[in-house]
Amino acid sequence: MKQFLILLALSVGGCLSTPEAIAPSDGFFQRMSTLCGKSFSGKMIAGNESDASFATADLRAHARECSSQEIHIAFDLGDDRSRTWIITRTDKGLRLKHRHMLKDGTEDPVSQYGGDTSSAGTLVRQEFPVDAFSKAMFTKEGRTVSNTNVWAFEVEPGQSLVYELARPGRLFRVSFDLALPIAGGNK
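In this report, the structure presented in the accompanying data block is examined. Once a new chain begins, its residue numbering starts again from 1 and follows that chain's sequence as written. Thresholds applied to this predicted model are a pLDDT of at least 70 for local features of residues and 80 or more for the giving and counting of side-chain atom pairs; totals over whole chains, interfaces and linings are not thresholded and use all residues. Just so you know, side-chain values use all the structure's heavy atoms and leave hydrogens and water out.

**Quick word on the packing of aromatic side chains**
Aromatic ring pairs: the centre-centre distance and the angle between the two ring planes describe each pair. Stacked, edge-to-face and tilted are the three classes for Phe, Tyr and Trp ring pairs, Trp counted by its six-membered ring, which pair at centre distances within 6.5 Å; planes under 30 degrees apart are stacked, over 60 edge-to-face, the rest tilted. Applying the stated criterion across every chain yields a total of eleven aromatic pairs. Measuring from centroid to centroid gives 4.7 Å for F75 and W85, while their planes differ by 20 degrees, and the two rings are stacked. Taken as a pair, F75 in strand β3 (residues 70-77) and W85 in strand β4 (residues 80-89) lie far apart in primary sequence, ten residues in all. Each residue is assigned to one of three classes by its accessible area relative to the maximum for its type, calculated with a 1.4 Å probe on protein chains only: buried under 20%, partly exposed between the two thresholds, exposed over 50%. Residue F75 is classed as buried on the basis of its relative accessible area, which comes to 3%. Each helix is a run of DSSP H or I of at least 4 residues and each strand a run of E of at least 2, with the numbering of both proceeding from the N terminus.

Here's what the structure looks like:
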């Protein structure tokens, strides 16, 4: 009986002192939220000949709009400020959308593409396989090569933020230095 009570006390005590586990997607979103209000310089770390403009341009990420459900990160390619990544919490994980704007301020016909996480991911990395909406849009716009895209973000607080596009025969990665935020860069 004494052994039973000791085991019971250890079991109950262990349950009471164990913090509630956080879902990887929630922890990842919390990590991304620490970027809000800040801007960072980046560089292309993987790409091919079609990415020449990324290899030589001033790359910047600006976490401008943040809420408890959504984070908007503007991605500048030199003077081209037409791209925004939108990460949204969903009932099952996270969603990534890419918003592209034209110079006249209207939305590009190739915009709002992305996908939802299909696995738990980790606190550091979340992957977003292409969704049905994006496949239909890519097909309509003659970009069927993108129908197998998987996008990913990796975040190591105080170190780096990495954006990735991968598909068979294609890998594109940009890394942003979180250790050195750009002063006054989030305008």
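**What to know about unusual backbone geometry**
You will see that Q112, though not glycine, has its phi angle at about 65 degrees, which is positive. Note that Q112 resides in the loop between β5 (94-100) and β6 (113-116).

**Let's talk about the pairing of β4**
Among the ten residues that make up β4, seven are buried, leaving the element largely enclosed by the rest of the structure. In this description, strands pair whenever DSSP reports at least two bridges between them. In this structure, β3 lies alongside β4, joined through seven bridges in antiparallel fashion. Looking at β4, one finds that H72 is bridged to I86. The antiparallel hairpin formed by β3 and β4 contains two residues in its connecting segment, where G78 sits at a positive phi of about 60 degrees. The pairing of β4 with β5 spans seven bridges and is antiparallel.

**Considerations on the sheet that holds β4**
In a beta sheet, neighbouring strands pair by backbone hydrogen bonds and run either parallel or antiparallel. Read from one edge of the open sheet, ten strands run β6-β5-β4-β3-β2-β1-β10-β9-β8-β7, paired in antiparallel fashion. Edge positions in the sheet fall to β6 and β7 (125-129), since each has one partner strand and no second. In this sheet, adjacent strand axes meet at a mean angle of 20 degrees when their direction is disregarded. Pairing analysis gives four bridges linking β5 to β6, with the strands arranged antiparallel. Of the residues in β6, the one forming a bridge with K97 is G114. Along the sheet, helix α2 (residues 24-33) makes contact with β3, β4, β5, β7, β8 (150-156) and β9 (160-167), crossing β8 at roughly 65 degrees. Throughout, a residue-residue contact means that at least one pair of heavy atoms, one from each residue, lies within 4.5 Å. Inter-axis angles, ranging from 0 to 180 degrees, are taken between N-to-C directions of lines fitted to C-alpha atoms, where helices are fitted over the stretch in contact. Helix α4 (residues 132-140) rests against β5, β6 and β8 of the sheet, and its axis sits at about 155 degrees to β6.

**What to know about the nonpolar core**
The nonpolar core is taken to be a set of buried Ala, Val, Leu, Ile, Met, Phe, Trp, Tyr and Cys residues, with the residues joined through side-chain atoms within 4.5 Å. Core analysis: the largest hydrophobic core is formed by 33 residues, its most contacted members being M32, W85, W151, F153, L161 and F176. At four residues, β3 tops the list of elements feeding residues into this core. The residues contacting L161, other than those within four sequence positions of it, are M32, L35, F153, E154, V155, V174, S175, F176 and L178.

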